[in-house]
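This is what each chain is made of:
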Number of protein chains: 6
Amino acid sequence: MHDRVFLNADGEMLILPDLGALRIFTEFGVLQIRPGELALIPKGIKFRVELLGPEARGFVCENYGLPFRLPELGVMGSNGLANAGDFLAPVAAFEDKDTPTQLVQKYCGNMWAMELAHCPLDVVAWRGNLTAFKYDMHRFVSLGTITVDHPDPSIYCALTSPSDSIAGPNADFMVLAPRWLVAERTFRPPGFHRNCVAEFAAILQGEKGSSGPAPPAGGAILHNNAVPHGPDVTTFESARIAGLAPQKVEDILMFILESRFPIQITEFAYQAQEAIPDPSIRWRGFVKRFPSD
Amino acid sequence: MHDRVFLNADGEMLILPDLGALRIFTEFGVLQIRPGELALIPKGIKFRVELLGPEARGFVCENYGLPFRLPELGVMGSNGLANAGDFLAPVAAFEDKDTPTQLVQKYCGNMWAMELAHCPLDVVAWRGNLTAFKYDMHRFVSLGTITVDHPDPSIYCALTSPSDSIAGPNADFMVLAPRWLVAERTFRPPGFHRNCVAEFAAILQGEKGSSGPAPPAGGAILHNNAVPHGPDVTTFESARIAGLAPQKVEDILMFILESRFPIQITEFAYQAQEAIPDPSIRWRGFVKRFPSD
Amino acid sequence: MHDRVFLNADGEMLILPDLGALRIFTEFGVLQIRPGELALIPKGIKFRVELLGPEARGFVCENYGLPFRLPELGVMGSNGLANAGDFLAPVAAFEDKDTPTQLVQKYCGNMWAMELAHCPLDVVAWRGNLTAFKYDMHRFVSLGTITVDHPDPSIYCALTSPSDSIAGPNADFMVLAPRWLVAERTFRPPGFHRNCVAEFAAILQGEKGSSGPAPPAGGAILHNNAVPHGPDVTTFESARIAGLAPQKVEDILMFILESRFPIQITEFAYQAQEAIPDPSIRWRGFVKRFPSD
Amino acid sequence: MHDRVFLNADGEMLILPDLGALRIFTEFGVLQIRPGELALIPKGIKFRVELLGPEARGFVCENYGLPFRLPELGVMGSNGLANAGDFLAPVAAFEDKDTPTQLVQKYCGNMWAMELAHCPLDVVAWRGNLTAFKYDMHRFVSLGTITVDHPDPSIYCALTSPSDSIAGPNADFMVLAPRWLVAERTFRPPGFHRNCVAEFAAILQGEKGSSGPAPPAGGAILHNNAVPHGPDVTTFESARIAGLAPQKVEDILMFILESRFPIQITEFAYQAQEAIPDPSIRWRGFVKRFPSD
Amino acid sequence: MHDRVFLNADGEMLILPDLGALRIFTEFGVLQIRPGELALIPKGIKFRVELLGPEARGFVCENYGLPFRLPELGVMGSNGLANAGDFLAPVAAFEDKDTPTQLVQKYCGNMWAMELAHCPLDVVAWRGNLTAFKYDMHRFVSLGTITVDHPDPSIYCALTSPSDSIAGPNADFMVLAPRWLVAERTFRPPGFHRNCVAEFAAILQGEKGSSGPAPPAGGAILHNNAVPHGPDVTTFESARIAGLAPQKVEDILMFILESRFPIQITEFAYQAQEAIPDPSIRWRGFVKRFPSD
Amino acid sequence: MHDRVFLNADGEMLILPDLGALRIFTEFGVLQIRPGELALIPKGIKFRVELLGPEARGFVCENYGLPFRLPELGVMGSNGLANAGDFLAPVAAFEDKDTPTQLVQKYCGNMWAMELAHCPLDVVAWRGNLTAFKYDMHRFVSLGTITVDHPDPSIYCALTSPSDSIAGPNADFMVLAPRWLVAERTFRPPGFHRNCVAEFAAILQGEKGSSGPAPPAGGAILHNNAVPHGPDVTTFESARIAGLAPQKVEDILMFILESRFPIQITEFAYQAQEAIPDPSIRWRGFVKRFPSD
């Protein structure tokens, strides 16, 4: 992609590698991210992505709605979740090159290409408050219950794209990072639930999901609107009898993307070799305990 | 107070005993509370208080502003803090007595008395959504950090009386109940701070404050607007070197009442024998560690 | 439908029988409704409908927007229109049956079916504030003019699904039930008007519309956005000379559903035998009275 | 007052004569009002009041809060209550007189006087949307129940001065004019109630109040915040057995002014000969009907 | 169009002739406009357009969103931009003609026609606050910098159709009329910029655009969302060295229509003879001045 | 004031010297300001003021309301008036001195003093978004009319302390700096007007006011609520006949502070030798021109 730059006129792009580090050269300067970090490129900004290793893989969320912002914290106070001070602007940089460059642009759902006689990443200075940025998800300050119960996952909200007032956000981006579990008198895994929004959960690092074994890093789990889900049989049975001493969840970095819009699966994904053949198998065999239990 | 009933036309009353149980006979029925529980009597409602033991003592917050309500939880989700389902309406009851009764009324800051020929707690049924209620503060679902840092105490907000938009709430009522502390890479006590609102902290049960030894139950600590405060020398020095294993704070029930209005101390309180003579002594002797530390 | 349950993941369903009573078995319990009552099933909730007689017929509004709620009453005060206390939650019930059951689900505009080995209406308890409910439209407290003029029909609003701020609600559900007409110095029928929203009026009981004879129960009248309408010639001429003594409108139960979205008519409805052949005939023959009248 | 003009820099003035007509010469022109009409003079506007007969008497509300405005009608629709088109601006007029004139001004609660060499009511033209105005209260379109129940008196709101969000308006001005009462299965007089706001009711024309005989025109009844009130014994007993045919309330024009602020009574009013000696006498003698009734 | 009237049920219409005057006969009466004036016909209102000369040409904006309104002026105060008093309602008029008339209606994107036996522009009186109106754009009170810098073109906003909260308005209508340019220490033409909204600029009178020569009256320039634009080479080079004495821009009347929605070009427009063959030629030849400049 | 520091717990302080430069040592670091610049010290922050010359003089606004903030610009766009980037935080600095220091504190309207054993301006680092700041008023980007008319002075608003919704802001701070006047077909000075808010205008530099000669720098003019004012006779008469070529107002720096609260004058100010003896003299002698003019 060295003589090619990209601009998305339809939406901003949230980039989340799970394998391989990236150097993203934007009109604002350079962002370098590795798995565990995210980058956000605003709508309408030119950039070029370079791989810092032999390969890279990850997730991209293209947001057509309101730009992602920090959620209001309300009674949480002035600190917690994703702290504003942990978001980093690009390192200032520009290129002054008179080499032919292809500009690929996404607009109204299509791709368009044109040839430029020079590299357009030639902005030497900027001011204002619109910028690309990066964020290290290990700096996320998880809050949670320190008494009983299992809060809604919205408590892990790092960025939100609010919606007009229909039902649920345009998109909420939640970070599930290492944290302590200390709830007492509580079934600690998420309960069985149906959600008015679609939940797309993806694994960036680690292998332990809260409802059972997670797919390997790079894998993802989708529960569309109104689809019931919860812990698998093994997780359920062991959580029923587990002791409730404080427990540190260490080996995990996941994100959840929730949206009031249904999330479509491409044919490519359906056909992928890596797709888990029959994931529902782990949810078979629940013992009926009512009324005689 | 058996042939006397009270009505406060100036504000609602939040009643918080720290010693002795109360039976509160209201126009809506009967509320029975003991230390660790609170009762709220709406503005303009008649009630009579009976002691269930030889003595009782506690705190009363008279709120002239917007009625206390549950705070908006925002990204905390649909559960947590004070759950709506834990607030209990009075047990239906009325008195049909033709005995002379004194009605004492507070209005425009003064007390007024009149004699009635019957007991006015004679409401036999009611409907609507205004009622006296009680709440057991041990049911408060404390949320807190499960990673790093020390959130603002507003995260313990159980009830709020919002303000017009000046600076800070009319009154926020916060509950500090038993809970786990698990923050790592963190100085766990509250940092030194100045607050734009006044903080009135009172001890209902237990003796361990977060900034040092608390006064006995029934005692209180006031830091008015802009007064700096934080841990005492001993708490500070021991927290600097403390290990950060999970720790359960068990023996405590405090509340904090914050208001954008300064809180006045009565002459009676200044002269009370129980007042701690020179409380600032525990904050003397901090070691200067900068720049050479 | 005995071994089949339904779930609508696209929207909530407002069910309005005009013929025959229904027993609706939901995950929250059982609702029994007859003509004159409505039931509302929230989005994403499983239910089964049973007929309590040989046949049943009625209207269903599938709402993709914000859930129906009570409208704000403003200066109307704390009572009137549809009172919150008249909405009834289901009678608690569940089924513990290990018989094969078909689950039919509507999602993204399509129907999907799957076989379950047991009946999923097996929820034994619930808490929260989302529930199916029923409402008897004869309990609607109609307000109206008690002096002069003809208020807008929005004054009969029982439930509203507000919209983002375009023009008109997503859907307003209005109840026209028995009521007194006492306006003086007024042409009592609705005036001729064009509406920025579409008006769908349907007859649940009775035969007397306000603009002329109504279709029989089960019939409906549609005036899409900007279509002018008003009383027919006979209604108009008789209202011009009618005395204005108080008049009780007894034999009627209608509802109007207004939406900023145009309402489409199916081919089935266009071809129905029951369709009135040329309804405009009743509006022919108005006498021109200006300027010489 | 012919060579004297007045300006109130503290608040607007709502003028409500109950006896005698007035000619109010303002900087915007001339308003002529008689009993049954009201005039409103904005804050900071000079005016002179002339009597059109031998005497005049009435009420003045001096409003220090937000200017009176029409209330939002919400689901009532676009017409009803006080219609905007019935408010009349002054008839254009000015005076070009070089005669000494005294200007009396109210500012910060005090009266100030100064001498001018000419009459300041010399504005020859104006534009904008601030003006004095008049309104004939007989044009008020009362809405009310046309089925059952007794709506809150806020349904008669003609003008409102909203408040910051404490509890109740700064001031609501309600008009009780001739209207039909048709509620069935209802106790038609107002029920016994306590109000969080103060209610000041005054009689402009007629003698029939809804809770019993009203004072003569020019009289007023005050129920301050939280004071219980309702029909007197005679009204109560007769309403219990009254038939509920439609009834036209003809001979009445009252207004109610409600405010979240307590309303003080002057010493002058307490001492007035016209004060009703012991008004509570009419509320003595209610029969206890519970539990044996 | 003499025996034909039109009604748009999909949106309001903003009519902007650049050639020839129009007489618009609406249900509210007659509006006569010439180039430099605009007319707005509300959604759902019938009207007929007559040419007052041999030909007419111009622009029409069909607005499906919220009706155009005056923007909030904020700290600009109570006057400026398009003053409310300069919008004129139609001159009262009606037609009482029993001649066959064709009614053409636009609804849901299609055109429909029906025959009426009389002319429907027969409304003899109306009240309310919905009306067609006209506005002379030469009465627009342009505000701008009187010190330094180049404000955003939104400062020329005459009418706005606000949007739900996505990104940018549904439509903003801006007027660029004769005005003074006095900015000092400033590059006076618009800087190079990319806009999150689409900009459609059209010439009503005059030939001088701010970024270079404008097309002749009736011409238009489109910069869709995220398309960078700014002054052409000649304009840029001359503005770099221009003196900055006050300068009156006289010979111009343009409007800009901005929308968060992309604006499509019809095939007809692409093929039009008048289209400028390669407009980008004027932007070729910028001299690189960095870093050695 | 070298061994004394000050803290205002009642409000923030806006400091505006008109004579002599100041060095303000705050807990956030050092601000150095000279006439034409302003400094703002937040509520509850300790600071010490040092004179950089032999004397200093100026204005201080103590704001008990919402903190001053930038006003919303609305259609003005993203730049103009006081640009956020021109507000400067203090230069980092601290003092590590163990010398006795007096802390003077203002709280609840009184002054309190206590002795500290060290200088409390010893904060070595800080983060967050509360800080003292300075602003050079010559960087204010004045916008104004570039066609006709005289906008409201709110167009010069640099900082605002919004109010609850009564009438007018708690305080608006406006900057009148050098700027071009180009309005045509306009009486250029401010018209005669009465304001619902109090206007306090003060001279920081220069001698030319817009309504006549201004007091010397350091002087001020007060027009309390509802007091009419406008140009003096000379200004009025010369403006009537003045040519309207572009005119640069050079020699002036004023500020206006508007508040919905009346502004009191101290006895000290009334008695000051510098007070202008009879300022109204310049407004005597207006010629009556109506109706014969």
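Above this text sits the structure in question.
In this report, we go over the structure that sits alongside the text. Each chain has its residues counted from 1, running along the sequence as written. All chains are assigned letters beginning with A, and all ligands numbers beginning with 1, in the order in which they are written. Two thresholds apply to this predicted model, a pLDDT of at least 70 for residue-level local features and 80 or more for giving and counting side-chain atom pairs, whereas whole-chain, interface and lining totals are computed over all residues. Side-chain numbers come from the whole structure's heavy atoms, not from hydrogens or water.

This paragraph deals with the sheet that holds strand E13 (residues 157-161) of chain A. All names here are of chain A. Here we have five strands laid out as an open sheet, ordered E13-E14-E21-E16-E19, and antiparallel in their pairing. Both outer strands of the open sheet, E13 and strand E19 (220-223), are each paired with one neighbouring strand and no more. Neighbour to neighbour, the strand axes of the sheet diverge by 15° on average, direction disregarded. When DSSP finds two or more bridges between a pair of strands, those strands are recorded as paired. Helix and strand assignments follow DSSP, with helices taken as H or I runs no shorter than four residues and strands as E runs no shorter than two, numbered in order from the N terminus. Sheet analysis places strand E14 (residues 171-176) next to strand E21 (residues 252-259), joined by five bridges and oriented antiparallel. From the neighbouring strand, valine 175 faces E21, where its bridge partner is phenylalanine 255. Angular values range over 0 to 180 degrees, each being the angle between N-to-C directions of two axes fitted as lines to C-alpha atoms, with helices fitted over their stretch in contact.

All names here are of chain F. Pairing in this open sheet of five strands is antiparallel, and the strands run E13-E14-E19-E16-E17 from one edge to the other. With partners counted over all chains shown, the strands left at the sheet margins are strand E13 (157-161) and strand E17 (220-223), one partner each. The average undirected angle you get between the axes of adjacent strands in this sheet is 15°. Sheet topology places strand E16 (residues 198-206) next to strand E19 (residues 252-259); eight bridges connect them, and they run antiparallel. When the bridges of E19 are listed, glycine 206 appears paired with isoleucine 252.

In this section: helix H1 (residues 233-241) of chain D. Residue and element names in this part refer to chain D. Exposure classes here rest on a 1.4 Å probe applied to the protein chains alone. A residue is buried below 20% of its type maximum, exposed above 50%, and partly exposed in between. Along H1, the residues classified as buried are Val233, Thr235, Phe236 and Ala239. The buried residues of H1 occupy an angular sector of 165° when projected down its axis, which confines them to one face. Set apart from the buried face of H1 by more than 90 degrees, the exposed residues are Thr234 and Ile241. This arc corresponds to the set of directions leading from the helix axis out to the C-beta atoms.

Cavity: a set of points on a 1 Å grid over the protein atoms alone where a 1.4 Å probe fits but cannot get out. Pocket: an open set with protein on both sides within 12 Å along at least five of seven lines, its lining residues, like those of a cavity, having an atom within 4 Å of a point. Grid points are joined across faces, edges and corners, and a volume is the space filled by probe spheres set on the points. Considering all chains together, one arrives at three cavities of 30 Å³ or more under this definition. Quantified by volume, the largest cavity comes out at close to 40 Å³. Along the walls of the largest cavity sit Thr145, Val148, Asp149, His150 and Pro151 of chain C together with Asn79, Gly80, Val141 and Leu143 of chain D, which together make up its complete lining. Its residues assigned to classes, the lining of the largest cavity comprises four nonpolar, four polar and one charged. Residues are grouped as follows: nonpolar covers Ala, Val, Leu, Ile, Met, Phe, Trp, Tyr, Cys and Pro; charged covers Asp, Glu, Lys and Arg; every other residue, Gly included, is treated as polar.

Of the two same-sequence chains, chain C is brought onto chain D (RMSD 0.0 Å, axial shift 0.0 Å) by a rotation of 180°. The operation mapping one copy onto its partner corresponds to a two-fold rotation axis. Proximity to the rotation axis, assessed at the C-alpha, singles out glycine 144 of chain C in chain C; its C-alpha lies 2.8 Å from the axis. Contacts were defined at the residue level, with two residues in contact if any of their heavy atoms lie within 4.5 Å. A shared interface surface links the copies, since 100% of the contact residues of chain C are contact residues in chain D too. The copies are overlaid by a least-squares fit using only the C-alpha atoms of residues whose pLDDT is at least 70 in both copies.

A separate point is the interface of chain A and chain B. Contacts between chain A and chain B engage 32 residues on the former and 32 residues on the latter. Here the quantity called buried area is the accessible surface, traced with a 1.4 Å probe, that two parts lose on coming together, added over both. Across the chain A to chain B interface the summed buried area is about 2600 Å²; carbon plus sulfur atoms make up 59%. A per-residue breakdown of the area chain A buries against chain B is headed by Val75, Ile146 and Trp180 of chain A, which together make up 30% of the total. Here, a salt bridge means any Lys or Arg side-chain nitrogen found within 4 Å of an Asp or Glu carboxyl oxygen. If you look at where chain A meets chain B, you find two salt bridges. Taking the shortest distance from any N to any O, the salt bridge between lysine 248 of chain A and glutamate 184 of chain B comes out at 2.9 Å. Contacts described as polar in this section are N or O atom pairs within 3.5 Å, which, within protein, must combine one atom able to donate a hydrogen with one able to accept it, while residues neighboring in sequence count only if both atoms come from side chains. At the boundary of chain A and chain B, one finds 17 residue pairs in polar contact (both at pLDDT 80 or more). For the side of chain A that touches chain B, the elements supplying multiple residues, two or more each, are strand E12 (143-145) and strand E15 (179-181) of chain A. Of all the elements, E12 of chain A adds the most residues to the side of chain A that touches chain B, at three residues. Across the side of chain A that touches chain B, the residue classes tally to 17 nonpolar, nine polar and six charged. Here E12 of chain A runs beside strand E12 (residues 143-145) of chain B; their pairing, made up of three bridges, is antiparallel.

With that settled, consider the pattern of salt bridges. Summed over all chains, the structure comprises 115 salt bridges over all chains. With a closest N to O distance of 2.6 Å, glutamate 27 of chain E and arginine 194 of chain C form a salt bridge. Placement of glutamate 27 of chain E in the loop between strand E3 (22-26) and strand E4 (29-33) and of arginine 194 of chain C in the loop between strand E15 (179-181) and strand E16 (198-206) is noted, with the two residues assigned to different chains. Judged by its relative accessible area of 6%, glutamate 27 of chain E falls in the buried class. Linked by salt bridges that have partners in common, Arg23, Arg48, Glu50, Glu95 and Lys97 of chain A make up one network.

With that out of the way, let us pick up the interface of chain C and chain D. Facing the 32 residues of chain C at the interface are 32 residues of chain D. Surface buried jointly by chain C and chain D totals about 2600 Å² across both partners, of which 59% is contributed by carbon and sulfur atoms. It is Val75, Ile146 and Trp180 of chain C that lose the most area in chain C upon contact with chain D, and together they represent 30% of the buried surface on that side. Counting across the chain C and chain D interface gives two salt bridges. Here chain C is connected to chain D by 17 residue pairs in polar contact (both at pLDDT 80 or more). At the level of elements, strand E12 (143-145) and E15 of chain C are the ones that each hand at least two residues to the side of chain C that touches chain D. Sort the elements by how many residues they give to the side of chain C that touches chain D and E12 of chain C lands first, with three residues.

Just distances and angles here, no functional claims.
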